[in-house]
Number of protein chains: 2
Amino acid sequence: MLAVGLMSGTSLDGIDAALVEIKGCGLNTEVNLVEFETYKIPDEIKSEIKRACLEDKSSVDLICSLNFKLGELFADAVINICNKANIDISKLDYVASHGQTIYHIPRNKCDLVKSTLQIGEASVIAYRTGTLVVSNFRVMDMAAHGEGAPLVPYTEYILYSEKGKGVALQNIGGIGNVTFLPASNCIDDIFAFDTGPGNMAIDEACNILFGIPYDKDGEIASKGIVNNEMLDELMSIKYINEKPPKTTGREDFGQRFVEKIISKYSNLKGEDIVATLTMFTAKTISHNYKKFIIPNNKLERVIIAGGGAHNKTLIRFIKEELEDIDVLIQEDIGFSSDAKEAIAFAVLGNETLNNNFSNVPSATGAKEKVILGQITMSPRVFMEGDRKYGFKMCKE
Amino acid sequence: MLAVGLMSGTSLDGIDAALVEIKGCGLNTEVNLVEFETYKIPDEIKSEIKRACLEDKSSVDLICSLNFKLGELFADAVINICNKANIDISKLDYVASHGQTIYHIPRNKCDLVKSTLQIGEASVIAYRTGTLVVSNFRVMDMAAHGEGAPLVPYTEYILYSEKGKGVALQNIGGIGNVTFLPASNCIDDIFAFDTGPGNMAIDEACNILFGIPYDKDGEIASKGIVNNEMLDELMSIKYINEKPPKTTGREDFGQRFVEKIISKYSNLKGEDIVATLTMFTAKTISHNYKKFIIPNNKLERVIIAGGGAHNKTLIRFIKEELEDIDVLIQEDIGFSSDAKEAIAFAVLGNETLNNNFSNVPSATGAKEKVILGQITMSPRVFMEGDRKYGFKMCKE
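An unreviewed UniProt entry annotates chain A as Anhydro-N-acetylmuramic acid kinase of Clostridium sardiniense. The UniProt entry for chain A carries this comment under Function (unreviewed entry): "Catalyzes the specific phosphorylation of 1,6-anhydro-N-acetylmuramic acid (anhMurNAc) with the simultaneous cleavage of the 1,6-anhydro ring, generating MurNAc-6-P. Is required for the utilization of anhMurNAc either imported from the medium or derived from its own cell wall murein, and thus plays a role in cell wall recycling." Note on chain A: under the UniProt heading Sequence similarities (unreviewed entry), the record states "Belongs to the anhydro-N-acetylmuramic acid kinase family."

Structure, rendered in structure tokens:
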């Protein structure tokens, strides 16, 4: 099957579109990335999304309209990625769309119940592209009393797990998070948690010290010297030593945190600060592995994805810290660090269409395994004689 | 198949749940109402819905949470209607849920694009009831450039149309609206429009003059005398004579309108005013038929649904006005006036599951016929050995 996975994160970096060829399902899934691109979100829509996310700025008319506008934008991404790959869009079997999260209530509080809200109308994507769309993956896990996140552990399980081999899938986005696939190859033994900062602190320092958004290829860090006093102080932060399950965010390792560190160590060269923060991210990862994974599990391989996979200094530091373990980036095994999440949703969509469960209760906290996603049929399913497919109630 | 259709209108009168047996699809659909009930919406949720509908009171956290709360309420309605009918919920094949409309933008205006927003999370209904859910029917028609409404004409077409017989399906809710099914029995010839006030003006007068919410069985009107001067004035209102397509609402025939009329005709007895407003509703219907349907079509039968079908005086007036035409209420043909809309959505859900188009472009303005609705699978489809059914990609 030919599918497009769409992902648009809360950072609003853009709409990731991964065109994939996919065969089989569950543990027999074979997925091959055909084309990938991140499409920019126009500024006026970006500002509407930001408004829609705020309790005191959002309103029903904005959300109603933005749901359809984002549907159009997601449809554009599907059309563009097919054009880029020179593939006729009518050959597409389905689109799997994560949507744009505009609110998430992880647990009941006051009058608000546990819930999540992703928008980007699937009907608009289906109508514009003439393709079946699977969307809204998080809501069913929440209906099943889970937190609706993380959802990638299932795809990591089916794509990366190997019986007898403990594998850590490390993502280094703004935050660092890991999914551990145990050697038992049993889905119920999977666990996942946030290791600490990913690129967030490094990016902030680059912005404050050098006026650039991030340390491309880790070049700045490569010229600096790690300062042990600063590193020791950073490693003593409570979160790093807390027992999983645990999650962190911008409030812990964002702008304010970095400003404080820079002002305290203003005697250091900028390069040294960036190098130390890079080592800090590397060490939070290795420290968490050594404390919470390795003692009870066989860990043979680490595969890194996310923007951090491109930071060569960071990867070198992690390799040094985990010297007995095989540390790879997605590209080393023929995958893509940037496309990983969009591919994950294509895989999740495939599971939906095969009536398979695809949440990992040990990762989300759900009471049970459930089928994720909602299916919007290709609106013109009967008008194209050569690709008539559709829903079938197949009672047995 | 056994299904529950759910409808919750903007009047917030309650959640209509129709348990139906349904066979076939399209023009071969046979539907049999097993049980019906309207379930109250708790006051605190009613007030949240009202807030969620207002541009200046709504917010993203409220909408996110309310979507899940309404999902729970809709799930309760499904469970309760099955209990009432003594039917094991695991026998249910699907639920079709209209959802609660909280916003509708019929055409682009300023920064807002044409769109519609119904909430009441389908995943929650599916999880709680263990049943497949079809929901969100209006969005695809809007994606296809329609107005997303009215959607009942399709179900009226498949349930009531007869080749060679022109049939008018008149609904008398707050507003009166008609779907005309032409003798050609061709879906493209169907048209629909609002005839004028339904019960709205009568209800308002009952409230102001007698402190009661409506004229039960038309008893008050039956004791009054129609005042011709007042009736002539009402019938001269521009809307009544306007050419379809046309729509009207509370702003034209609501509280303010009735207050003005009552104060102008304060010399009349309360019963006479109610009788005259009842005749006014009857005459707006017959006048529109005589002006816009009968000249170009064979009209043999009128079937009335909605609360107005229970107003015996109103029905008598309509029969007198349309004396050569067979005027019936839903109950006369073994159907239910109150359950009609909830049944309609059960029928639309059945069409979705049969991959059939179910909008009527001549009624909604859509550019083409499309498959409506989004499918949420029963989350535990594989856990119940005796009723394994699911999605199948059936390419040909």
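Resuming the write-up.
S.K.: Would you mind going over the relation of the copies chain B and chain A with me for this structure?
M.R.: Mapping between the two copies of the chain is achieved by a rotation about an axis and a shift along the axis. Each copy of the sequence occupies a distinct position, and chain B is placed on chain A by a rotation of 180° and an axial shift of 0.0 Å, giving an RMSD of 0.0 Å. These values place the two chain copies in the arrangement generated by a two-fold rotation axis. Most of the interface of chain B is mirrored in chain A: 100% of its interface residues are interface residues there too.

S.K.: Where do I start with the interface of chain B and chain A in this structure?
M.R.: Many authors give the size of an interface as the accessible area that is lost as the parts come together. Across the boundary between the two partners, chain B contributes 71 residues, which contact 71 residues of chain A. At the boundary of chain B with chain A, total buried surface from both sides reaches about 6,300 Å², with 66% on carbon and sulfur atoms. Linking chain B with chain A are zero salt bridges. For the pair chain B and chain A, the number of links is 19 residue pairs in polar contact (both at pLDDT 80 or more). Residue assignment for the side of chain B that touches chain A shows that the elements contributing at least two residues are helix 1 (43-52), helix 2 (60-84), strand 4 (94-105), strand 5 (115-119), helix 3 (122-129), helix 4 (138-143) and strand 12 (374-376) of chain B. With eight residues, helix 2 of chain B is the single largest residue contributor to the side of chain B that touches chain A. Its residues placed into classes, the side of chain B that touches chain A shows 39 nonpolar, 15 polar and 17 charged. For strand 12 (residues 374-376) of chain A and strand 12 of chain B, the ladder comprises three bridges, and the chain directions are antiparallel. Looking at the pairing, A:Ile375 lines up with B:Ile375 of strand 12 of chain B.

Rules used throughout
- Residues numbered from 1 in each chain as written.
- Chains lettered and ligands numbered in written order.
- Predicted model: local features only at pLDDT ≥ 70, side-chain atom pairs only at ≥ 80, totals over all residues.
- Heavy atoms only, no water.
- UniProt positions renumbered as here; feature names shortened; annotations may be inferred.
- Least-squares fit on C-alpha atoms with pLDDT ≥ 70 in both.
- Contact = heavy atoms within 4.5 Å.
- Buried area = accessible area lost by both parts, 1.4 Å probe.
- Salt bridge = Lys/Arg side-chain N within 4 Å of Asp/Glu carboxyl O.
- Polar contact = N/O pair within 3.5 Å; in protein donor to acceptor, adjacent residues only side chain to side chain.
- Helix = DSSP H or I, 4+ residues; strand = E, 2+ residues; numbered from the N terminus.
- Nonpolar A, V, L, I, M, F, W, Y, C, P; charged D, E, K, R; others polar.
- Pairing = 2+ DSSP bridges.

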